[in-house]
Amino acid sequence: MDLADTPEEREFRARLREWLAKVLPTLPRKPSPDDWPGRRAYDLGWQRMLYDAGYAGLHWPVDAGGQGATPTQHLIFLEEAEKAGAPYVGANFVGLLHAGPTIAAEGTAEQRARWLPPILRGEEVWCQGFSEPDAGSDLAALRTRARRDGDDYVVSGSKIWTSHAEVADWCELLVRTDPEAPKHRGITWLALSMDTPGITVRPLKTLAGSAEFAEVFLDEVRVPVSGRVGDENDGWRVTMVTLSFERGTAFVGEVVACRRVLGELARTARENGRWDDPVLRRRLGRLNAELRALWRLTQWNVSEAERTGGVPGVGGSVFKLRYSHARQELYDTAADVLGPQALDLDRPWVLDRLSSLSYTIAAGTSQIQRDIVAERILGLPKGR
């Protein structure tokens, strides 16, 4: 693993910094968290700016509409964008970080041509229809059924924690197409248009008061077979590709954000007198070391993905497991620094502290990640 920028990467970094410094002051004011139409328009507008400047889908293959850049250049983009305070992908995150890369890796030429350009241009939003109310952490226990009827699948069931379903145009949907097969072998990955008859979306509010995800109910919803990514009943393998992107690279920019927050915490502690507490200083120091280590692990994971063809490996589970806990520890420390002001939702970091509580559940619970690390990396026997 080479952690130093090449001359080409240094030139790319400098050019990106110059562009960010020029365009970020021109952005409109960010909408409030509960203004979803406004948030969608804002996020799609930023994505269009990236596309027009040649920064959309940097590491996607050229034949998928991307720039064909290396994973390392993508890492540089995420690092510099976060340092500059650029908008996060927001409502675009499922399309850009999960569904899009999956279709690029597993889709047909027709599917890539249909779905990837609108994602990159900021024209369509995707949501994720994986989790179900009765499946808990066991994604393969899903019950949403899809029966074949000519050129369509007819889908009935329900999903929960469906990220951005309230503003999505498309959904990456997991369905059970063979109820008699072992649970990991009867699943199919479908692309579902969210304006199809039979879909009901019920937004769910978070602790912070905004709706980041929703319940989705599917009543005899017809999905064209042409919307299937991969073979019928091969959806679990395709899903592992999706999750490798979700766990391996989707959180990369957030590590940079956490390092920035840590620096702000230290400055705030010096200003309000909390810096005099040696216990707090040790916590901040340990978090600094941990976040630096996570950044190095990210670089290792990206280097490994570059070596093996661009799809992150199971090392993403190591990263996701430790990062989700480190993020919670960071914002617990922020509450200690803020004191009583940690109850004020208008204060910096308070909303982030509330959202951090979900990170040990989102993208696979910590228990699931420990199983993956134990079985696939350490070679331990499967639990009973």
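Up top you'll find the structure we're talking about.
Calculation rules
Residues numbered from 1 in each chain as written. Predicted model: local features only at pLDDT ≥ 70, side-chain atom pairs only at ≥ 80, totals over all residues. Heavy atoms only, no water. Helix = DSSP H or I, 4+ residues; strand = E, 2+ residues; numbered from the N terminus. Expected span 1.5 Å × (residues − 1). Buried < 20%, exposed > 50% of the residue type's maximum accessible area, 1.4 Å probe, protein only. Arc of directions from axis to C-beta. Contact = heavy atoms within 4.5 Å. Salt bridge = Lys/Arg side-chain N within 4 Å of Asp/Glu carboxyl O. Phe/Tyr/Trp six-rings, centres within 6.5 Å; stacked < 30°, edge-to-face > 60°. Lys NZ or Arg CZ within 6 Å of the ring centre and 35° of its normal. Pairing = 2+ DSSP bridges. Core = buried A, V, L, I, M, F, W, Y, C linked by side-chain atoms within 4.5 Å. Axes fitted to C-alpha atoms, helices over the stretch in contact; angles between N-to-C directions. Parallel < 35°, antiparallel > 145°, perpendicular 65-115°, else oblique. Nonpolar A, V, L, I, M, F, W, Y, C, P; charged D, E, K, R; others polar.

Colleague: Provide a residue-level description of helix H1 (residues 7–23), including the pertinent values.
Modeller: Helix length check: H1, at 17 residues, gives a terminal C-alpha distance of 25 Å against a target of 24 Å (1.5 Å per residue), a fit within 8%. Within H1, burial applies to Glu9, Phe12, Arg13, Leu16, Trp19, Leu20 and Val23. Buried residues in H1, looked at end-on, bunch into an arc of 135 degrees, giving them a common side. Summarising the geometry of H1, the exposed residues directed more than 90 degrees from the buried face are Pro7, Glu18, Ala21 and Lys22. Elements that come into contact with the buried residues of H1 comprise helix H2 (36–53) and helix H3 (71–83).

Colleague: Can you lay out the pattern of salt bridges for me, pointing to particular residues and giving the numbers?
Modeller: Per the stated rule, a full pass over the model turns up 29 salt bridges. The partner of aspartate 63 in a salt bridge is arginine 112, and the shortest N-O contact between them spans 2.6 Å. Note that aspartate 63 is positioned in the loop between H2 and H3 and arginine 112 in helix H5 (residues 109–121), a separation of 49 residues in sequence. Aspartate 152 is the salt-bridge partner of arginine 222, the closest N and O atoms lying 2.9 Å from each other. Of the two residues, arginine 222 sits in strand S7 (residues 211–224) while aspartate 152 sits in strand S3 (residues 152–163), which places them 70 residues apart along the sequence. What makes arginine 222 partly exposed here is its relative accessible area of 38%. Each of Arg13, Arg17, Glu79, Glu80 and Lys83 takes part in a single network of salt bridges with overlapping partners.

Colleague: An account of the packing of aromatic side chains is needed here, citing residue identities and associated values.
Modeller: Scanning all chains against the criterion turns up eight aromatic pairs. The interplanar angle of 25 degrees and the centroid separation of 6.1 Å between the aromatic rings of tyrosine 55 and phenylalanine 77 together place this pair among those described as stacked. With a gap of 22 residues between them, tyrosine 55 in the loop between H2 and H3 and phenylalanine 77 in helix H3 connect regions that are remote in the sequence. For the pair shown, tyrosine 55 and phenylalanine 77 are each scored as buried. These aromatic residues form a ring-pair network of at least three members: Phe12, Trp19, Trp46, Tyr55 and Phe77. Sitting over the ring of tryptophan 36, arginine 39 keeps its end group 3.9 Å from the ring centre. The positively charged end of arginine 270 is found above the aromatic ring belonging to tryptophan 275, 4.0 Å away from the centroid.

Colleague: Before we move on, could you go through the pairing of strand S4 (residues 170–176) and cite the residues and values that matter?
Modeller: With seven of seven residues buried, S4 is to be regarded as a mostly interior element. Neither face of S4 is open: one carries Trp170, Glu172, Leu174 and Arg176, the other Cys171, Leu173 and Val175, and all of them are buried. With four bridges connecting them, strand S1 (residues 126–129) and S4 associate as parallel partners. The residue of S4 that forms the bridge with tryptophan 126 is tryptophan 170. In this sheet, strand S5 (residues 187–193) lies alongside S4 in antiparallel orientation, the contact comprising seven bridges. When the sheet's bridge partners are listed, arginine 176 is paired in S5 with isoleucine 187.

Colleague: Requested: an account of the nonpolar core, with residues and values cited.
Modeller: Generally speaking, nonpolar side chains in soluble globular proteins are found buried as a group. Grouped together as the largest cluster of nonpolar side chains are 47 residues, with contacts concentrated most on Trp19, Trp46, Tyr55, Phe77, Trp126 and Trp189. Every element with two or more residues in this core is listed here: H1, H2, H3, helix H4 (93–106), H5, S4, S5 and helix H6 (235–248). If one sorts the elements of this core by residue count, H4 sits on top with seven residues. Residues contacting tyrosine 55, with those up to four places away along its chain left out, are Phe12, Arg15, Leu16, Trp19, Leu50 and Phe77. Within the second largest apolar cluster, 26 residues are counted, among which are Cys258, Leu280, Leu338 and Ala342.

Colleague: Describe the packing of H2 against H5, with residues and values.
Modeller: Running from amino to carboxyl end, H2 crosses H5 at an angle of 105 degrees, the nearest separation of the two axes being 7 Å. Regarding the angle of H2 to H5, the classification is roughly perpendicular. Residue-level inspection shows Gln47, Arg48 and Tyr51 of H2 in contact with H5, the latter providing Ile119, Leu120 and Arg121. Here the residues of the contact of H2 with H5 are counted per class, giving three nonpolar, one polar and two charged.

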